[in-house]
There are 2 protein chains.
Amino acid sequence: MNEIEKFKEKLKDKGYKLTTQRRVILDVITENRDKHLSSEEIYDLVRLKYPEIGLATVYRTLQLFEELGIVYKLNFDDGRNRYELYHNENHQHHHLICLKCGAVIEMEGDLLENLEEAIEETKDFEIIDHNVKFFGYCSKCRSRYN
Amino acid sequence: MNEIEKFKEKLKDKGYKLTTQRRVILDVITENRDKHLSSEEIYDLVRLKYPEIGLATVYRTLQLFEELGIVYKLNFDDGRNRYELYHNENHQHHHLICLKCGAVIEMEGDLLENLEEAIEETKDFEIIDHNVKFFGYCSKCRSRYN
DNA sequence: TTGACAATTGAAAATGAATATCATAAACTA
DNA sequence: TAGTTTATGATATTCATTTTCAATTGTCAA
Ligand SMILES: [Mn+2]
Ligand SMILES: [Mn+2]
Ligand SMILES: [Zn+2]
Ligand SMILES: [Zn+2]
């Protein structure tokens, strides 16, 4: 079963229809799997392939994709939602955000075992997901420091 | 030197004036040091003491307090800014947010040594601050699970 | 203590991301 | 293909936050 078929099935499962718009939006996100695009950035890219699309459709579709577990919503504190393709391992990649140039670097590996264990024990809190961001200076920006 | 004097000095240092509005806003935040209030919640509390204050002043002041390191801006993904008093240790308390009741629990202690070390080494990234949130179910919500 | 001047304020308008509304259009299904 | 349902695009709306600007207030030197 190919990618599109899987996608179609995921939609059909919940009574959603496969539309050109949804397909194009998925394409754009897939072609930019390394990026962390905002809704409007996605809108702009989608319009290159499908100029008639409406902005509301993009917003609606991103919401839908999040529900379906196709996409993961990110918050980089820049006042807009950002999205990345959901890969199973999502619960263990962190984002490093450069305070100077805004670069976003991914850190694979969870490495939160200590902390999560301490939380579950001392706070009796069942962790479902986490959101870990580091702010600082990337290597480029460090070299041309002051 | 008392609290107000310190505050006055912090302002004067950068050419800011000590106004009644700023003093009242600081009071409200201080009296709620255990909470994580949003801008509008702060506005409502401030109005009880100083009804003539304008909403814009509250927003402006919270921004200013953040610049001055008096207050720390939080993002709990609920579409509004929240603030807490800055205490030196800020770089090491995490927030646990209950997905059911919205409770916010604080987890003292950093416990990110492993992770931060790995980042600084493998990514050559200098960490200035981090933002760590855990989403899950608090003990109350766990007991009346389903 | 006063006055000059810069900083601050409140009210109101403006912004910007996201959502809601609704008539029309496309997808699915029998 | 017809009939039903879901989806779409254009537009209006919401809501938090920011901007604007005339009027007020705090500071500090004289
Ligand atoms: Mn990522
Ligand atoms: Mn806190
Ligand atoms: Zn950088
Ligand atoms: Zn709870």
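The structure displayed is predicted, hence computed values, not measured ones.

## A short note on the protein's contact with DNA strand D
Neighbouring residues of DNA strand D: 26 residues in total, closest A:K17, A:T19, A:R22, A:T57 and B:Y59. At the protein interface, 72% of the atoms of DNA strand D within 4 Å belong to sugar or phosphate. At 2.4 Å, a side-chain N or O of A:T57 approaches a phosphate oxygen of DNA strand D. Elements represented by at least two residues in the surface near DNA strand D include exactly α2 (20-31) and α4 (55-67) of chain A together with α3 (39-49) and α4 (55-67) of chain B. In terms of residue count, the dominant contributor to the surface near DNA strand D is α4(B) (5 residues). When grouped by side-chain class, the residues that make up the surface near DNA strand D number 8 nonpolar, 9 polar and 9 charged.

## Let's talk about the coordination of the zinc ion (ligand 3)
Put simply, the ideal angle at a metal is 109.5 degrees for four donors in tetrahedral geometry and 90 or 180 degrees for six donors in octahedral geometry. Residues and elements named next belong to chain A. For the zinc ion (ligand 3), every protein donor is listed as C98 (SG), C101 (SG), C138 (SG) and C141 (SG), and the spread of their distances is 2.2 to 2.3 Å. Taken together, the 4 donor atoms surrounding the zinc ion (ligand 3) define angles of 106 to 114 degrees at the centre, an arrangement classified as tetrahedral. For the zinc ion (ligand 3), all donor residues lie on one chain, and their spacing in sequence is C-x2-C-x36-C-x2-C. The exposure class assigned to C98 is buried, which follows from its relative accessible area of 3%.

## Some thoughts on the relation of the copies chain A and chain B
You can overlay chain A on chain B at an RMSD of 0.2 Å; the transform is a turn of 179 degrees with a shift of 0.0 Å along its axis. One copy is carried onto the other by what is essentially a two-fold rotation axis. Minimal C-alpha separation from the rotation axis in chain A is found for A:V132, amounting to 2.2 Å. Most of the interface of chain A is mirrored in chain B: 100% of its interface residues are interface residues there too.

## Things to note about the domain arrangement of chain A
Residue and element names in this part refer to chain A. Parsing chain A into structural domains produces domain 1 (3-85) and domain 2 (92-142). For domain 1 and domain 2, the distance between their C-alpha centres works out to 25 Å. Contact residues are listed per partner, giving 7 residues for domain 1 and 9 residues for domain 2. Between domain 1 and domain 2 lies a buried interface of about 600 Å² when both sides are counted; carbon and sulfur atoms form 49% of it. Looking only at domain 1, the three residues that lose the most surface to domain 2 are H36, Y72 and F76, adding up to 60% of its buried area. Linking domain 1 to domain 2 there are 1 salt bridge.

## Re a negative patch on the surface
All names here are of chain A. Negative charge collects at one region of the surface, where E113, E117, E120 and E121 lie side by side. Position of E121 relative to the elements: it lies in helix α5 (residues 113-123). Overall, the relative accessible area of 62% leaves E121 in the exposed class.

## A few points about the interface of chain A and chain B
Interface size is commonly expressed as the accessible area that is lost once the parts come together. Listed per partner, the contact involves 38 residues of chain A and 38 residues of chain B. Summed over both sides, the interface between chain A and chain B buries roughly 3300 Å², with carbon and sulfur atoms accounting for 64% of that surface. The largest per-residue losses of area from chain A upon contact with chain B belong to A:L115, A:F125 and A:F134, which jointly make up 20% of the total buried on that side. For the interface between chain A and chain B, the tally reads 2 salt bridges. Residue B:D124 pairs with A:R142 through a salt bridge whose shortest N-O separation is 2.8 Å. The tally of links between chain A and chain B comes to 16 residue pairs in polar contact (both at pLDDT 80 or more). When contributions to the side of chain A that touches chain B are tallied by element, the ones reaching two or more residues are β4 (93-98), β5 (104-108), α5, β6 (126-137) and α6 (139-143) of chain A. Considering each element in turn, the side of chain A that touches chain B owes the most residues, 12 residues, to β6(A).

## Brief notes about the coordination of the manganese ion (ligand 1)
Residues and elements named next belong to chain A. Within the protein, the manganese ion (ligand 1) binds to H36 (NE2), E84 (OE), H93 (NE2), H95 (NE2) and E106 (OE); these donor distances fall in the range 2.0 to 2.4 Å. If you list the donors of the manganese ion (ligand 1) from N- to C-terminus, the spacing comes out as H-x47-E-x8-H-x1-H-x10-E. You can see E84 sitting in strand β3 (residues 81-85) and its partner H95 sitting in strand β4, a full 11 residues away along the chain. Note on E84: relative accessible area 2%, which makes it buried.

## Some words on unusual backbone geometry
All names here are of chain B. Positioned with a positive phi, D77 is a non-glycine residue whose angle comes to about 55 degrees. Assignment of secondary structure puts D77 in the loop between β2 (71-75) and β3 (81-85). Residue classification places D77 among the partly exposed residues on the basis of a relative accessible area of 39%. Despite not being glycine, D124 shows a phi value in the positive range, around 50 degrees.

Definitions and limits used
- Residues numbered from 1 in each chain as written.
- Chains lettered and ligands numbered in written order.
- Predicted model: local features only at pLDDT ≥ 70, side-chain atom pairs only at ≥ 80, totals over all residues.
- Heavy atoms only, no water.
- Near = heavy atom within 4 Å.
- Polar contact = N/O pair within 3.5 Å; in protein donor to acceptor, adjacent residues only side chain to side chain.
- Helix = DSSP H or I, 4+ residues; strand = E, 2+ residues; numbered from the N terminus.
- Nonpolar A, V, L, I, M, F, W, Y, C, P; charged D, E, K, R; others polar.
- Donors = N, O, S within 2.8 Å, 3.2 Å for Na, K, Ca; no water.
- Tetrahedral: all angles 85-135°; square planar, octahedral: opposite > 155°, others 65-115°.
- Buried < 20%, exposed > 50% of the residue type's maximum accessible area, 1.4 Å probe, protein only.
- Least-squares fit on C-alpha atoms with pLDDT ≥ 70 in both.
- Contact = heavy atoms within 4.5 Å.
- Domains from an automatic or database assignment.
- Buried area = accessible area lost by both parts, 1.4 Å probe.
- Salt bridge = Lys/Arg side-chain N within 4 Å of Asp/Glu carboxyl O.
- Patch = residues over 30% accessible without salt bridge, like charges linked within 9 Å, V, L, I, M, F, W, Y side chains within 5 Å.
- Areas by Shrake-Rupley, 256 points an atom, 1.4 Å probe, with all protein chains shown as cover.
- Lys, Arg positive; Asp, Glu negative; His and termini not counted.
- Charge placed at Lys NZ, Arg CZ, Asp CG, Glu CD.

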